Amino acid sequence: MTDRIHPLLAVFAGLVFLFLVGPLVIMIGASLSDTNFLTFPPRGLTLHWFTHIFEVTAFKTTAITSLELAFAGTFLSLLFGIPAAYALNRFRVELPSWLSTVYVLPILIPEIVFGFSLMKSVTIDSGFPVWLTLLIGHALLVLPYSVRVVSASLAAFDFSIEEAAISLGSPPLKTFFTIVLPNIRAGVIAAFILAFITSINDVSVSLFLTGPGISTLPIQILAYMEQFFDPTMAAVSVLLMLLTVGVMAIVEATLGLTFLTK
Amino acid sequence: MNTMRKWNLSLPAALAVVLLLVVPVVATFTTTFTQPQGAFAPYLAFFNSGFRRTVLWRTVEVALITTVLSLVIGFLTAYVISKVPGKAKSVMIIAAVFPLLTGVVVRSFAWMIILGKNGILNDFLIWTGLIDAPLAMLYTEGAVIVAMVYLFVPLMILTLVGVLDNIPKDVIEASISLGASPASTFRQVILPLSVPGLIVGAVLVFTGSFTSYATPQLLGGERQMMMGTFLYQRAMVTFDWVGASTVAAIMVVVTIAIVLVMGRIARKLNPMAV
Amino acid sequence: MTVSLDIDNIAAHYGSTQVLKDLSLSVKAGELVSLLGSSGCGKTTTLRLVAGFLTPTSGTIRLGDRDLTRLPAHQRDIGLVFQNYALFPHLSVLDNVAFGLKQRKIEPAERTRRAKAMLERVGLADFADRLPGALSGGQKQRVALARALVIEPPLLMFDEPLSNLDAKLRVDMRVEIRKLQRANGTTSLYVTHDQEEAFSISDRVAIMNAGRIMQLDTPEVLYQRPANAFVARFVGFENLIPMVVKARENGALSAEAPGGALLQLSEAEFGPIPDRFVLATRADGLLVQREGAGIPVELGLRTYLGRAYQYQTTSVAGDLIANGSLSEPFSPGDRAVLVPKPEQCCILKPEA
């Protein structure tokens with residue numbers, strides 16, 4: 001029938017999945033090795049490197065910073081992004097068409113250029129504290145996800161429902177929370193997840209906005225790797241993968257994973 | 001009422017982007033044109049330096065090879081995924097999504113373990129007797145490309161599964177009912193209808209790999225300097241901010257050029273965009 | 001050139017659910033047969049089995065002397081017209097029509113000539129260079145039709161081809177389809193859920209339910225002489241009254257409706273009547289009278305149909321619908337008697 005797959009193609013796809021999953025499996029193995037250099041397969045098994053993570057205070061503090069940044073940045077991006085997405089859809093014909101492009105500029109401009117420019121202009125020339133610039137950087141970096149994903153949801157929303165509620169006496173702001181928001185819930189959750197993941201994994205923007213006193217986990221990992229090459233890094237990576245598993249479980253539970261292909 | 005409301009809602013985010021992104025980036029560009037040596041001096045300096053030309057060329061080369069490999073691998077895999085039935089499809093999508101949600105640092109690092117001197121690949125090759133001493137695979141262009149392909153194949157797969165799933169099933173059945181074999185249907189119907197998705201994927205991968213930092217830093221190191229790592233080195237190691245700004249400007253110009261050119265190609269190849 | 005389609009005892013499953021049960025159907029050479037039924041009745045499954053997009057779990061499908069059962073779909077040589085047109089969005093109208101000819105390795109000049117001639121026939125010669133996206137629904141369906149016809153297939157199949165068009169266009173298009181089908185004399189299988197469409201276009205219609213053909217006959221017979229209660233309801237018999245014969249003598253008999261009302265029926269007028277049967281009529285088949293021998297009812301809501309008044313009635317035999325004359329209107333709450341008109345009634349076997 002139409003769904004027959006050529007055997008060679010099936011073998012090829014199998015190899016691709018091996019290529020995709022293999023390195024991560026190897027990393028799990030390496031994190032359990034009792035040698036003090038990175039190797040796979042592990043010579044002997046130990047959880048020592050996982051406990052070692054908690055002995056390096058820099059990992060703990062930067063992990064907390066990363067989580068705070070991801071939550072705060074994502075929240076800010078939604079706070080600004082949802083109203084923008086709403087306006088783009090509700091007043092589609094009345095707003096200039098270039099406006100929607102403005103919101104996605106943060107993903108059109110190379111992240112590293114954005115990070116560098118932010119450091120130069122906002123921290124150094126304007127004297128903003130580093131932590132604030134870092135927060136601004138993350139909030140802006142994830143803004144496009146908030147606007148676009150919520151916007152996609154709103155594009156499928158029938159605004160006559162909102163008008164119906166208003167005609168029945170519900171004030172506009174209340175209508176947004178009681179009528180519009182519940183109907184675009186999936187979009188908001190998706191935007192939150194994508195933004196959160198993007199922020200927590202970011203390297204290129206944070207790169208210039210960290211230093212003594214404040215850093216994010218990915219930057220700390222990069223710094224650690226310049227000095228040591230032991231399985232602690234693999235252990236940290238495994239913990240981050242567990243975070244990914246958690247996020248995927250949330251995605252699956254709330255939206256179903258197929259939303260990612262849309 | 002609507003007049004005020006539409007601006008009240010849409011402007012805060014837009015202003016934030018303009019003030020905190022556009023203005024700083026433009027300021028970066030401006031510094032490259034306001035040097036005492038002359039308006040284009042930093043660019044002349046860049047292109048007169050053999051080392052810097054090599055960095056630019058290496059970055060373009062790595063990005064191109066990564067794009068082509070990701071396109072081929074991603075498209076064929078996405079085609080398989082789009083054909084398998086429900087349950088297996090979900091498993092394959094999960095396998096593709098998982099690396100995508102895992103950070104760049106973690107994913108690049110995995111390849112350091114594989115390609116390192118004591119890495120699994122060297123161990124394996126020595127065990128098979130193919131080589132006697134470990135090969136220096138890390139800090140080569142090949143290592144960067146492999147890790148970049150690893151980075152971008154999942155993105156390509158997801159983009160293209162979406163595109164392939166959007167091709168109406170009855171269009172494919174129409175082709176078959178008119179006598180086209182599965183192979184002809186792939187060539188004459190599925191491939192042309194996937195072109196817009198392939199272009200979008202190519203743009204994402206090219207710009208992503210052209211401007212990446214973590215992967216070239218970890219797998220290329222000092223020896224395989226690329227635009228991203230070079231920008232960082234100029235800015236934070238040598239504090240040559242004009243030099244760094246020049247690199248930044250060139251990155252943006254190349255990125256925008258690629259987006260525009262590919263957009264043109266897409267419009268040419270995609271007659272559906274009336 | 002024209003051949004028959006013979007579907008013999010096919011069964012089909014989706015996973016573990018059986019969607020077709022030992023279905024057999026023959027479409028004679030040059031005939032147009034419709035499969036009519038509500039969604040899930042198996043009509044589209046049947047079409048997809050013939051097209052080769054599904055494989056039957058048992059049974060055979062033959063087209064003329066070719067066995068199609070296990071033949072790959074692209075080798076079956078069937079012209080298929082889809083519900084959503086299924087035009088190739090990246091190809092011009094001309095290339096869409098020429099697509100099948102290209103697969104048949106017809107040389108470019110010849111296939112352009114034939115595709116153009118076919119576009120001429122469906123009245124779209126001026127649209128050859130357009131892309132499908134720029135066409136209206138009716139034009140798209142004409143292109144789909146041309147694309148299926150140009151390969152001169154021995155069998156044409158239509159999968160609800162008109163359901164996306166507006167009412168007026170639907171009528172125009174079905175006339176056009178019938179004309180083209182007649183002119184070529186192509187054996188055709190037509191799937192629809194629209195009764196009027198099926199009856200107007202077909203030589204014969206198969207009414208389907210739950211994976212079976214309930215009755216296969218000409219539209220006239222189906223409309224006037226349904227063979228069972230399902231088909232009777234499907235073609236608009238509103239009143240189905242289960243009856244039991246109490247006494248019979250020389251073809252005259254007395255039958256009892258639920259609740260005890262007695263009807264005097266004659267086999268001379270109604271045809272043979274078994275001891276237990278269902279009396280089926282449309283609203284027009286019941287006379288509304290002040291008094292007499294019939295089913296006593298209380299009249300409810302009256303609606304105006306233009307040619308008659310229609311009454312919703314309640315009786316001990318159940319709720320019945322009857323049309324009464326304009327000259328003698330009744331009011332809600334009136335008592336009346338319903339008398340079946342023999343020529344508009346059917347005697348059916350009791351339902352299981």
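## With respect to the interface of chain B and chain C
- The interface is formed by 20 residues belonging to chain B together with 21 residues belonging to chain C.
- Of the roughly 1900 Å² buried at the junction of chain B and chain C (both faces included), carbon and sulfur atoms supply 66%.
- Linking chain B to chain C there are 1 salt bridge.
- One salt bridge connects C:Arg48 with B:Glu173, and the closest N-O pair in it is separated by 2.7 Å.
- Taken together, the links from chain B to chain C amount to 4 residue pairs in polar contact (both at pLDDT 80 or more).
- Elements with a minimum of two residues in the side of chain B that touches chain C: helix H8 (169-177) and helix H9 (182-210) of chain B.
- Tallying contributions element by element places H8(B) first for the side of chain B that touches chain C, with 8 residues.
- Tallied by class, residues from the side of chain B that touches chain C come to 11 nonpolar, 6 polar and 3 charged.

## Considerations on unusual backbone geometry
All names here are of chain C.
- In this model, Ala86 sits at a positive phi of 55 degrees, which is unusual for a non-glycine residue.
- Tracing the sequence through the fold places Ala86 in the loop between strand S6 (78-81) and helix H2 (93-103).
- Of the residues examined, Ala86 reaches a relative accessible area of 2% and is grouped as buried.
- For Glu160, which is not a glycine, the phi torsion comes out positive at approximately 45 degrees.
- Its location among the elements puts Glu160 in the loop between strand S7 (155-159) and helix H5 (167-184).

## What to know about the domain arrangement of chain C
All names here are of chain C.
- For chain C, the assigned domains read domain 1 (5-233) and domain 2 (238-348).
- Computed from C-alpha coordinates alone, the two centres of domain 1 and domain 2 are separated by 41 Å.
- The interface of domain 1 with domain 2 comprises 9 residues on the first partner and 7 residues on the second.
- Summed over both sides, the interface of domain 1 with domain 2 buries roughly 580 Å², with 59% coming from carbon and sulfur.
- Our enumeration of links across domain 1 and domain 2 arrives at 0 salt bridges.
- Joining domain 1 to domain 2, the criterion identifies 2 residue pairs in polar contact (both at pLDDT 80 or more).
- Looking at the side of domain 1 that touches domain 2 element by element, the count peaks at 3 residues for helix H8 (residues 229-234).
- Looking at the side of domain 1 that touches domain 2, its residues break down into 5 nonpolar, 2 polar and 2 charged.

## Describing the sheet that holds strand S20 (residues 345-348) of chain C
All names here are of chain C.
- Pairing is antiparallel in the open sheet, where 5 strands are placed in the order S13-S12-S11-S14-S20. Whereas interior strands pair on both sides, the edge strands pair on one side only; in this sheet they are strand S13 (262-266) and S20. Going from strand to strand, the sheet's axes swing by 40 degrees on average, the running direction of each strand aside.
- Taken together, the 4 bridges between strand S14 (residues 276-281) and S20 define a ladder with antiparallel strand orientation. The residue bridging Thr281 from the neighbouring strand is Cys345, located in S20.

## A few points about the packing of aromatic side chains
- Overall, the coordinates contain 31 aromatic pairs over all chains when judged by the stated rule.
- Measuring from centroid to centroid gives 5.9 Å for A:Phe192 and A:Phe196, while their planes differ by 15 degrees, and the two rings are stacked. Taken as a pair, A:Phe192 and A:Phe196 lie in helix H9 (residues 185-201) at a separation of 4 residues, close to a single helical turn.
- For A:Phe196, a relative accessible area of 9% puts it in the buried group.
- Joined through ring pairs, the aromatic side chains of A:Tyr86, A:Phe157, A:Phe159, A:Phe176 and A:Phe177 make up one cluster.
- Over the aromatic face of C:Phe88 sits the side chain of C:Arg147, whose NZ or CZ is 4.8 Å from the ring centroid.
- The residue whose ring lies beneath C:Arg302 is C:Tyr309, and the NZ or CZ to ring-centre distance is 4.6 Å.

## Quick look at empty space enclosed by the protein
- Using the criterion set out here, one finds 3 cavities of 30 Å³ or more in the structure.
- When its volume is computed, the largest cavity comes out at roughly 60 Å³.
- Among the elements of the structure, H9 and helix H10 (217-227) of chain A together with helix H5 (104-115) of chain B are those that each provide at least two residues to the lining of the largest cavity.
- No other element matches H5(B), which puts 3 residues into the lining of the largest cavity.
- Looking at the lining of the largest cavity residue by residue, the classes come out as 7 nonpolar, 2 polar and no charged.

## Describing the interface of chain A and chain B
- Counting residues at the interface gives 79 residues for chain A and 78 residues for chain B.
- Across the chain A/chain B interface, buried area totals approximately 7100 Å², and carbon plus sulfur atoms make up 82% of it.
- In this structure, the connection of chain A to chain B is made through 1 salt bridge.
- Among the ionic pairs, B:Lys6 bridges to A:Glu94, the shortest N-O distance being 3.6 Å.
- Across the chain A-chain B interface, the total number found is 8 residue pairs in polar contact (both at pLDDT 80 or more).
- Those elements that provide at least two residues to the side of chain A that touches chain B are helix H1 (7-31), helix H3 (57-90), helix H4 (99-108), helix H5 (111-125), helix H6 (130-155), H9, H10 and helix H11 (232-254) of chain A.

## Considerations on the packing of H5(A) against helix H12 (residues 241-269) of chain B
- Relative orientation of the contacting elements H5(A) and H12(B) amounts to 140 degrees, with a least axis distance of 9 Å. When the interaxial angle is binned, H5(A) and H12(B) end up oblique. Crossing of H5(A) over H12(B) shows left-handed handedness. Between H5(A) and H12(B), the contacting residues are A:Ile112, A:Val113, A:Phe116, A:Met119, A:Lys120 and A:Ile124 on the first element and B:Trp241, B:Ala244, B:Ser245, B:Ala248, B:Met251 and B:Val252 on the second.
- Taken together, the residues of the contact of H5(A) with H12(B) break down into 10 nonpolar, 1 polar and 1 charged.

## What to know about the pattern of salt bridges
Residue and element names in this part refer to chain C.
- Summed over all chains, the structure comprises 22 salt bridges over all chains.
- Across the salt bridge formed by Asp77 and Arg104, the nearest N and O atoms sit 2.8 Å from each other. Within this pair, whereas Asp77 is found in the loop between strand S5 (66-67) and S6, its partner Arg104 is found in the loop between H2 and helix H3 (108-121), the two being separated by 27 residues in sequence.
- With a relative accessible area of 25%, Asp77 lands in the partly exposed category.
- Between Glu196 and Arg174 there is a salt bridge, and its shortest N-O distance comes to 3.0 Å.

## With respect to the layout of surface pockets
- Here the second largest pocket is characterised by a volume of approximately 560 Å³.
- Taken together, 25 residues form the lining of the second largest pocket, with A:Leu222, A:Ala223, A:Glu226, B:Tyr213 and B:Gln217 sitting closest to its centre.
- Contributing elements (two or more residues each) for the lining of the second largest pocket: H10 of chain A together with helix H10 (214-220) and helix H11 (227-237) of chain B.
- It is H10(A) that provides the largest number of residues to the lining of the second largest pocket, a total of 5 residues.

Calculation rules
Residues numbered from 1 in each chain as written. Chains lettered and ligands numbered in written order. Predicted model: local features only at pLDDT ≥ 70, side-chain atom pairs only at ≥ 80, totals over all residues. Heavy atoms only, no water. Contact = heavy atoms within 4.5 Å. Buried area = accessible area lost by both parts, 1.4 Å probe. Salt bridge = Lys/Arg side-chain N within 4 Å of Asp/Glu carboxyl O. Polar contact = N/O pair within 3.5 Å; in protein donor to acceptor, adjacent residues only side chain to side chain. Helix = DSSP H or I, 4+ residues; strand = E, 2+ residues; numbered from the N terminus. Nonpolar A, V, L, I, M, F, W, Y, C, P; charged D, E, K, R; others polar. Buried < 20%, exposed > 50% of the residue type's maximum accessible area, 1.4 Å probe, protein only. Domains from an automatic or database assignment. Pairing = 2+ DSSP bridges. Axes fitted to C-alpha atoms, helices over the stretch in contact; angles between N-to-C directions. Phe/Tyr/Trp six-rings, centres within 6.5 Å; stacked < 30°, edge-to-face > 60°. Lys NZ or Arg CZ within 6 Å of the ring centre and 35° of its normal. 1 Å grid on protein atoms, 1.4 Å probe; cavity = no way out; pocket = protein on both sides within 12 Å on 5 of 7 lines; lining within 4 Å. Points joined across faces, edges and corners; volume = space filled by probe spheres on them. Parallel < 35°, antiparallel > 145°, perpendicular 65-115°, else oblique. Left-handed = near helix turned anticlockwise from the far one by under 90°.

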